[in-house]
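One-letter residues, chain by chain:
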Amino acid sequence: MDIRPLTPTYAVSPQIDPTDIPAIKAAGYVTIINNRPDAENPPSHHSAAMRAQAEAAGLGFVDIPVTHQGLNMEMVTDQRDVLDAADGPVLAYCASGTRSTIVWALGQAALMEPDAIIAAAAAQGYDLGGMRRQLDALR
């Protein structure tokens, strides 16, 4: 497991394993967002299986599958709404953490300076420099 915090209340990760759920809870996360479509994973890592593990551990679980071709503002709003409603830190995951970072960045564009968004992502290994125009447009 490779948790990469972008803010004190939001972190991203490459694909997690069902056996990672207890450690995620122990790290203080209260909600998990799955940004990875089931078609990219074996059945053991499909959303229903991951949800069952998370809920059994007492964690919230939200499924917002994102593809690069299908990313839209509804997904961005849904992700931001989960963050706003959470009563503690949220962990989002996809294949590498990039999609979870991009969705977060777009959702924060009206709340944070683009430089701060890009710097937070870069500090965790995600290069969002090419998104500056999009982030500026959403301000």
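Keep in mind the model is a prediction, meaning the values are calculated, not measured.

What counts, and at which threshold
- Residue positions within a chain follow its written sequence, with the count starting from 1.
- Local features in this predicted model are restricted to residues whose pLDDT is 70 or higher, and side-chain atom pairs enter the listing and the counts only when it is 80 or higher, whereas totals over whole chains, interfaces and linings include all residues.
- Computation of side-chain values covers all heavy atoms of the structure but excludes hydrogens and water.
- Under the scheme applied here, a residue whose accessible area is under 20% of the maximum for its type counts as buried, over 50% as exposed, and between as partly exposed, the area being computed with a 1.4 Å probe on protein chains only.
- We count a stretch as a helix when DSSP gives it H or I for four or more residues in a row; a strand needs E for two or more, and each element gets its number in order from the N terminus.
- At least two bridges found by DSSP between two strands are what make those strands a pair.
- Call a crossover right-handed when, viewed with both strands pointing away from you, the route from the first strand across the helix to the second goes clockwise.
- Convention adopted: a line fitted to C-alpha atoms gives each axis, helices being fitted over their contacting stretch, and angles between N-to-C directions are expressed from 0 to 180 degrees.
- Any Lys or Arg side-chain nitrogen located within 4 Å of an Asp or Glu carboxyl oxygen qualifies as a salt bridge.
- Working definition: a ring pair exists when centres of Phe, Tyr or Trp rings (six-membered ring for Trp) sit within 6.5 Å. Plane angles under 30 degrees give stacked, over 60 give edge-to-face, the rest tilted.

Q: What should I look at first to understand the pairing of strand E3 (residues 31–34) in this one?
A: Consecutive side chains along a regular strand alternate between the two faces of the sheet. Every second residue of E3 is oriented toward a common face, with Thr31 and Ile33 on one face and Ile32 and Asn34 on the other, all of them buried. In terms of strand pairing, E3 meets strand E4 (residues 60–63) through four bridges, oriented parallel. Pairing of Thr31 across the sheet is with Gly60, part of E4. With helix H2 (residues 47–56) bridging E3 and its parallel neighbour E4, the resulting β-α-β unit is right-handed. With four bridges connecting them, E3 and strand E5 (residues 90–93) associate as parallel partners. Paired with Asn34 across the bridge in E5 is Tyr93.

Q: Explanation requested: the sheet that holds E3 in the structure shown.
A: Within a sheet, each strand pairs with its neighbour through backbone hydrogen bonds, oriented either parallel or antiparallel. Read across the sheet, five strands follow the order E1-E2-E5-E3-E4 without closing on themselves; strand pairing throughout is mixed. Edge strands, defined here as strands with exactly one partner in the open sheet, are strand E1 (4–7) and E4. Each strand of the sheet is rotated relative to its neighbour by a mean of 25°, with strand direction disregarded.

Q: Whenever I open this one, the pattern of salt bridges confuses me. Can you help?
A: When the charged atoms of two side chains lie near each other, side chains of opposite charge can form a pair. In total, this model carries six salt bridges according to the counting rule given. A salt bridge links Glu55 to Arg51, with the nearest nitrogen and oxygen atoms 3.5 Å apart. Of this pair, Glu55 and Arg51 both sit in helix H2, four residues apart, which is roughly one turn of the helix. For Glu55, a relative accessible area of 46% gives the class partly exposed. The salt bridge involving Arg132 is made with Asp115; its shortest N-O contact spans 2.7 Å. Note that Arg132 is positioned in helix H6 (residues 132–137) and Asp115 in helix H5 (residues 114–123), a separation of 17 residues in sequence. The exposed category is assigned to Asp115, whose relative accessible area is 51%. Connected via shared salt-bridge partners are Arg36, Glu40 and Arg99.

Q: Which parts of the structure should I look at to understand the pairing of E5?
A: Going residue by residue along E5, you find Val90 and Ala92 tucked away on one face and Leu91 and Tyr93 tucked away on the opposite face as well. Across four bridges, strand E2 (residues 10–13) lies against E5 in parallel orientation. Among the inter-strand pairings, Ala11 is bridged to a residue of E5, identified as Leu91.

Q: What is the right way to look at the environment of Met50 in this model?
A: Looking at the element boundaries, Met50 is found in helix H2. We classify Met50 as buried; its relative accessible area is 0%. Placed 34 residues apart in sequence, Met50 and Ile16 show a C-alpha to C-alpha distance of 9.0 Å.

Q: In this structure, what is going on with the packing of aromatic side chains? I would like to understand it.
A: Within a pair of aromatic rings, the relevant descriptors are the distance that separates the centres and the angle that separates the planes. For the coordinates displayed, the defined rule picks out one aromatic pair. On the basis of an interplanar angle of 10° and a centroid distance of 6.1 Å, the ring pair of Tyr10 and Trp104 is categorised as stacked. One end of the pair, Tyr10, is in strand E2; the other, Trp104, is in helix H4 (residues 98–108), with 94 residues separating them in the sequence. Under the relative-accessibility criterion, Tyr10 is labelled buried at 1%.

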